[in-house]
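A look at the structure
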Amino acid sequence: MAKPQTKKSLESFNQELAEIHMTGQWVYEDLLTACIGGPRPRGDAFLWPWKMVNEKLTEACDVLEESFTARRSLLFNNPALPMGGTTHTMLMGIQMIKAGEIAWAHRHTLAAIRFVVKGDGKVFTVVNGEKCPMEVNDLILTPQWTWHDHQNPTAETAMWVDVLDVPFMLGLNQPFYEPYPGAKVQAVREKRSEHLQQRAGWVRPAWETSQKENLPLRYAWQDIEPQLRALAESPGSPYDGVALEYINPMTGGPTLATLSCWIQLLRPGERTKKHRHTSSAVYFVVGGEGTTIVGEKSMDWTKNDCFAVPNWAWHEHVNRSKSEEALLFSVNDAPIVSAFGHYREEPENSLHTAQIPAVPAPGAK
Ligand code: GTQ
């Protein structure tokens, strides 16, 4: 009879498996049980104050005299994300372009949005040949794989917020990049009738097929603000105040397949109810003064500050002023999360759940 061998320990067996590039599922079991109740928020809640960012942007103008094919954009690195990113899916930054300067044309599979901080209608971004003027608070989309260049023919520097889906796209290993061939800036469509944005309004050519995704779109603040004013009279969300999502007019869905943009008004003294959701968000303070509390952390913000709220972190917003409104622009990754049915919220779903206003009853005033 063979002598019974001494039993191998689980530890040494795990080690043996590791050496041949395998793992027992029991090793992951701890990881899974740690997720009862959901994931730990990935990344920190963090704020980049405008004063500091603005100083560094001004310095960047001297240090990086000309940006050539690059961009003079300062990107926000979340201190708890060693792989980079402002949240685990999005990268936010502020870009500055000097008087007379151009940011050369290129395209990439990274989707991006621009929200204008400083500019006038003479500064513009060209997206797939369509000239989009950049006035303060305008939102301009540069969807995946669209050619884009930025130009500042004015005598003042211009600035805007950039948000891109970089960490998400790198996670999927899908980055493609191409400089515009043969020129610094792209050719523009001379005729308005050739603009795709001309096909994304109330009417469109009946004889054409239509493009629904990845359109060059400019959401002019002069159009958005009156809509915000009109809807500001509604009760809003108890968790987000009067939060409006910018929509793709062709699909009725979010701005881009990966990124949804919001403009959010907090009325004087408003304090939203605390909630958490599986999407993460990056914010730019358009105006007002408030505080966003994320878990144990309190972030006081004021005009032009930027901050990040990681996913699945309890948070609430407070407008600290008793007399002034606060206005927040934000970008979230809910389209990514929702695409696979993973959008969750606690204590209850508040995204796209309330009923639209009912038809008034006969005789109602
Ligand atoms: O302005 O085109 O921050 O392509 C990163 C990549 C800005 C831009 C960024 C870009 C741009």
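For the structure, check the block above.
Reference entry: report on the structure contained in this document. All values reported here derive from a predicted model rather than from experimental measurement.

**Digging into the overall build of the chain**
- Secondary structure summary: the chain contains six helices and 22 strands in total.
- For the chain, with 365 residues in total, the buried portion stands at 46%.
- For the chain, the proportion of contacts with a sequence separation of at least 24, taken over those separated by at least 6, is 74%.
- A gap of 2 Å separates the mean positions of the 35 positive and 42 negative side-chain charges of the chain.

**Side note on the pairing of strand E3 (residues 91-97)**
- Burial analysis of E3 places seven of its seven residues in the buried class, the great majority of the element.
- Residues Leu-91, Gly-93, Gln-95 and Ile-97 point to one face of E3 and Met-92, Ile-94 and Met-96 to the other, with burial holding for every one of them.
- The pairing of strand E2 (residues 73-75) with E3 spans three bridges and is classified as antiparallel. The partner of Ser-73 across the bridge, within E3, is Gln-95.
- As defined by bridge partners, E3 adjoins strand E10 (residues 158-164) across seven bridges and the pair is classed as antiparallel. If you follow Gly-93 over to E10, its bridge partner there is Asp-162.

**With respect to the site of the ligand**
- Neighbouring the ligand are Arg-71, Ser-73, Leu-75, Gln-95, His-106, His-108, Arg-114, His-148, His-150, Asp-162 and Leu-164.
- Contact between the ligand and Gln-95: an oxygen atom at 2.9 Å from a side-chain N or O atom of the residue.
- At 2.6 Å, a side-chain N or O of His-108 approaches an oxygen atom of the ligand.
- Calculation on the ligand without its partners gives an accessible area of 290 Å², and the protein chains cover 88% of this total.
- Of the residues assigned to the shell around the ligand, the class counts are two nonpolar, six polar and three charged.

**Some remarks on the environment of Thr-86**
- Within the element layout of this structure, Thr-86 appears in the loop between E2 and E3.
- Separated by 261 residues in the primary sequence, Thr-86 and Pro-347 have C-alpha atoms spaced 25 Å apart.
- If sequence neighbours within four positions are ignored, Thr-86 has contacts with Trp-48, Phe-76, Asn-78, Leu-81, Leu-91, Met-92, Val-282 and Ala-308.
- A polar side-chain atom of Thr-86 sits 2.8 Å from the main-chain amide nitrogen of Met-92.

Rules behind the numbers
- Residues numbered from 1 in each chain as written.
- Predicted model: local features only at pLDDT ≥ 70, side-chain atom pairs only at ≥ 80, totals over all residues.
- Heavy atoms only, no water.
- Helix = DSSP H or I, 4+ residues; strand = E, 2+ residues; numbered from the N terminus.
- Buried < 20%, exposed > 50% of the residue type's maximum accessible area, 1.4 Å probe, protein only.
- Contact = heavy atoms within 4.5 Å.
- Lys, Arg positive; Asp, Glu negative; His and termini not counted.
- Charge placed at Lys NZ, Arg CZ, Asp CG, Glu CD.
- Pairing = 2+ DSSP bridges.
- Near = heavy atom within 4 Å.
- Polar contact = N/O pair within 3.5 Å; in protein donor to acceptor, adjacent residues only side chain to side chain.
- Areas by Shrake-Rupley, 256 points an atom, 1.4 Å probe, with all protein chains shown as cover.
- Nonpolar A, V, L, I, M, F, W, Y, C, P; charged D, E, K, R; others polar.

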